[in-house]
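Breakdown of the fold
Now for the letters of each chain:
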Amino acid sequence: MQNILLIGLNHKTAPVEIRECLAFSEEEALGGAEVLLENDAVGEVVLFSTCNRVEVLLTASDPDRAVNAVKEFLVDFKQVPRDRFEGAIYVYHGDDAVRHLFCVAASLDSMVVGEPQILGQMKTSYAAAVARKSTGAKLNRLLHRAFFIAKRVRSETGIGDHAVSISYAAVELGRKIFGNLEGKKVLLVGAGEMAELAVEHLIRNRSGDLLVANRTFERGVELAKRFRGEALRFEEIPEALAHVDIIISSTGSPDFVIVPSHVKSVMRSRRNRPLFFIDIAVPRDIDPKINRISNVYVYDIDDLKGVVDGNMEDRKREAVKAMRLIDEAVIQFRSWLDSLEVVPTIVALRNRIDAIADRELRRTIQQLGELTDSQQAALLRMKTALTNKLLHYPTLFLKRSGCNADRTGDIDTVQKLFHLDEDRD
């Protein structure tokens, strides 16, 4: 019987200096899977590699041999001594392997719970494995179920609904204020890393034109070019406030860059359209008094951190709901695996009973002599009905045996009762 195994290491068990030594590019992952398939200890196999994990999902009839084969493969393929990574390796068997895979796909095992990138990475690795024919019936079914449960977790829980980074939290707040960020004009003040990340999130939400104002104009031009925007000189910021919807500020200025007078002077020409400030600078760039102006919203880094902390707690609560869905999916997959084990016995049992019934039907017809077509059809219907009724309870018994601890014993019992382990009738 081919068991499902998962062998790997991740950000919880290995520091980055070990993970980077064992990381696989897409091409290396494909080549690695082919190398593993050449080992007779390995049945089907898929290799996943991201910045936070390297995992090998496989089937094997001898789990111990397979685990050792994977470790030796990592030594040879990546030229890393075994004692350097062996302490970080985890091995999951059967239901535990299935559960872990489902958790990974649903991003419950990610560094940031609820992040969506891991699912896309897994789908890419799986598609490549299918193309190279390194998977079969079991892993194909398992990966499809993993993708299905990941989608279900995301749609039926709020695990991915809440921002857990400062930059993304800023954009989430903007969406709450404007409802839709599509076409909203953005002014980026300064060139801080978090401000750039916030702009990237805004662009993904189809925000409109981007203006960049930086004390060093050349740097502003460079950044504007990167985001296909327009560079402004620092002195042009007050005038630009009349035309933009969102201002993201991250400078190193010791004083406020934007003060209430700048905003009050443009609100009439803006016809009170909302103005949203995201101040990620420390010290702050935006005078908090601006928040008192009607239809103007100012959020600093502490406000955003409060959103992030609250959202992390929300995600943890949603993760409990997600685990319930995953546990149900593990049980369903186990039921499918169990059915695979009994199918050959059920088929053999039907063939045996059919063969006996056919033989006895031929004898009966010979003894009765010449029969009409309708009489032969009636005997055939009786034979089919009798066979189905005889097989009904043994078949139910075998299918339900998956719920019992001694499933293998049940299969063996049926095989011996009906002489299915023998070639003769």
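1. Quick look at the overall build of the chain
Counting its secondary structure elements, the chain contains 15 helices and 10 strands. Compactness check: the chain gives a C-alpha radius of gyration of 32 Å against a globular reference of 22 Å for 425 residues, more than 25% above the reference. If one aligns the C-alpha atoms of the chain with their principal axes, the spans along those axes are about 110 × 60 × 35 Å. Within the chain, buried positions represent 47% of all 425 residues. Residue pairs in contact within the chain that sit at least 24 positions apart in sequence constitute 72% of those at least 6 positions apart. Total accessible area on the chain stands at roughly 22,300 Å², and carbon and sulfur atoms take up 51% of it.

2. Some remarks on unusual backbone geometry
Despite not being glycine, Arg 228 has its phi angle at roughly 60 degrees, a positive value. Along the chain, Arg 228 falls in the loop between helix H10 (217–226) and strand S7 (230–232). Of note, the phi angle at Asn 295 is positive, near 65 degrees, even though the residue is not glycine. By the secondary structure assignment, Asn 295 is in the loop between strand S9 (275–279) and strand S10 (296–300).

3. Points about the side chain of Ser 125
Summarising the element assignment, Ser 125 is placed in helix H6 (residues 117–131). Once residues lying within four places of it in the same chain are set aside, the contact partners of Ser 125 are Val 46, Leu 47 and Phe 48.

4. Re the sheet that holds S10
As summarised here, the arrangement of the 6 strands in space is S7-S6-S5-S8-S9-S10, forming an open sheet in which the pairing is parallel. The open sheet is flanked by S7 and S10, the only strands paired with a single partner. The mean inter-strand angle of the sheet, taken between neighbouring strand axes irrespective of direction, is 20 degrees. Relative to strand S8 (residues 246–250), strand S5 (residues 186–190) runs parallel, the two sharing 5 bridges. Considered in S8, the bridge of Gly 190 is made with Ser 250. Contacts between H10 and the sheet are confined to S5, strand S6 (210–213) and S7, with S7 contributing the most and set at about 160 degrees to the helix. Where helix H13 (residues 301–368) meets the sheet, its contacts fall on S9 and S10, and the angle it forms with S10 comes to roughly 75 degrees.

5. Quick look at the side chain of Glu 55
Mapped onto the elements of the fold, Glu 55 is located in strand S3 (residues 53–60). With a relative accessible area of 1%, Glu 55 lands in the buried category. Within polar-contact distance, the side chain of Glu 55 engages the side chain of Tyr 90 at 2.5 Å. Non-local contacts of Glu 55, meaning those with residues more than four positions away in its chain, are made with Leu 6, Ile 7, Gly 8, Val 46, Leu 47, Phe 48, Tyr 90, His 100 and Val 104.

6. Some details on the packing of helix H5 (residues 94–105) against H6
If you want to describe how two helices pack, look at the angle between their axes and the distance between the axes. H6 packs onto H5 with a crossing angle of 120 degrees between their chain directions and a minimal axis gap of 8 Å. As summarised for this structure, H5 and H6 are arranged oblique, according to the angle between their axes. Of the residues in H6, those in contact with Leu 101, Val 104 and Ala 105 of H5 are Ile 118, Leu 119 and Met 122. Looking at the contact of H5 with H6 residue by residue, the classes come out as 6 nonpolar, no polar and no charged.

7. Some points on the packing of aromatic side chains
Evaluated as defined, the whole model comprises 8 aromatic pairs. With a centroid separation of 5.2 Å and 40 degrees between ring planes, the pair formed by Phe 73 and Phe 77 is classed as tilted. Residue Phe 73 and its partner Phe 77 are both found in helix H3 (residues 63–78); the two are separated by 4 residues, about one turn of the helix. A relative accessible area of 30% places Phe 77 in the partly exposed class. Taking 5.7 Å as the distance between ring centres and 75 degrees as the angle between the ring planes, the aromatic pair formed by Phe 276 and Tyr 299 counts as edge-to-face. Highlighted residues: Phe 276 in strand S9 and Tyr 299 in strand S10, separated in sequence by 23 residues. Taken together, Phe 24, Phe 73 and Phe 77 form an aromatic cluster joined through their ring pairs. Between the NZ or CZ atom of Lys 78 and the centre of the ring of Phe 24, over which it lies, the distance is 4.8 Å. The residue whose ring lies beneath Arg 233 is Phe 217, and the NZ or CZ to ring-centre distance is 4.1 Å.

8. Quick word on the nonpolar core
Formed by 38 residues in total, the largest nonpolar core has its most connected members in Leu 57, Leu 101, Phe 102, Met 122, Leu 142, Leu 143 and Ile 326. Elements supplying a minimum of two residues to this core: strand S1 (3–10), strand S2 (45–50), H5, H6, helix H7 (137–156) and H13. Top contributing element to this core by residue count: H13, with 9 residues. With near-sequence residues (within four places) excluded, Leu 142 lies in contact with Ile 4, Leu 57, Val 98, Leu 101, Phe 102 and Phe 333.

9. Side note on helix H14 (residues 373–400)
Counted at 1.5 Å a residue, the expected span for H14 with its 28 residues is 40 Å, and the 40 Å between its end C-alpha atoms agrees. A maximum bend of about 35 degrees is found in H14 at His 392, where proline Pro 394 lies one to four positions downstream. For H14, the set of buried residues is Leu 379, Lys 383, Thr 387, Leu 391, Pro 394, Thr 395 and Leu 398.

10. A closer look at the pairing of S8
Among the 5 residues in S8, 5 count as buried, and that is most of the element. Burial along S8 is two-sided: Ile 246, Ile 248 and Ser 250 and Ile 247 and Ser 249, pointing in opposite directions, are all buried. Taken together, the 4 bridges between S8 and S9 define a ladder with parallel strand orientation. Across the sheet, residue Ile 247 finds its bridge partner in S9, namely Phe 277. With respect to chirality, the unit in which S8 leads through helix H12 (residues 260–267) into the neighbouring parallel S9 is right-handed.

Rules behind the numbers
Residues numbered from 1 in each chain as written. Predicted model: local features only at pLDDT ≥ 70, side-chain atom pairs only at ≥ 80, totals over all residues. Heavy atoms only, no water. Helix = DSSP H or I, 4+ residues; strand = E, 2+ residues; numbered from the N terminus. Rg over C-alpha atoms; globule rule 2.2 N^0.38 Å. Buried < 20%, exposed > 50% of the residue type's maximum accessible area, 1.4 Å probe, protein only. Contact = heavy atoms within 4.5 Å. Areas by Shrake-Rupley, 256 points an atom, 1.4 Å probe, with all protein chains shown as cover. Pairing = 2+ DSSP bridges. Axes fitted to C-alpha atoms, helices over the stretch in contact; angles between N-to-C directions. Polar contact = N/O pair within 3.5 Å; in protein donor to acceptor, adjacent residues only side chain to side chain. Parallel < 35°, antiparallel > 145°, perpendicular 65-115°, else oblique. Nonpolar A, V, L, I, M, F, W, Y, C, P; charged D, E, K, R; others polar. Phe/Tyr/Trp six-rings, centres within 6.5 Å; stacked < 30°, edge-to-face > 60°. Lys NZ or Arg CZ within 6 Å of the ring centre and 35° of its normal. Core = buried A, V, L, I, M, F, W, Y, C linked by side-chain atoms within 4.5 Å. Expected span 1.5 Å × (residues − 1). Bend = angle between axes of the 7 residues up to and from the residue. Right-handed = clockwise from strand over helix to strand, strands pointing away.

Nothing here speaks to function; it is geometry throughout.
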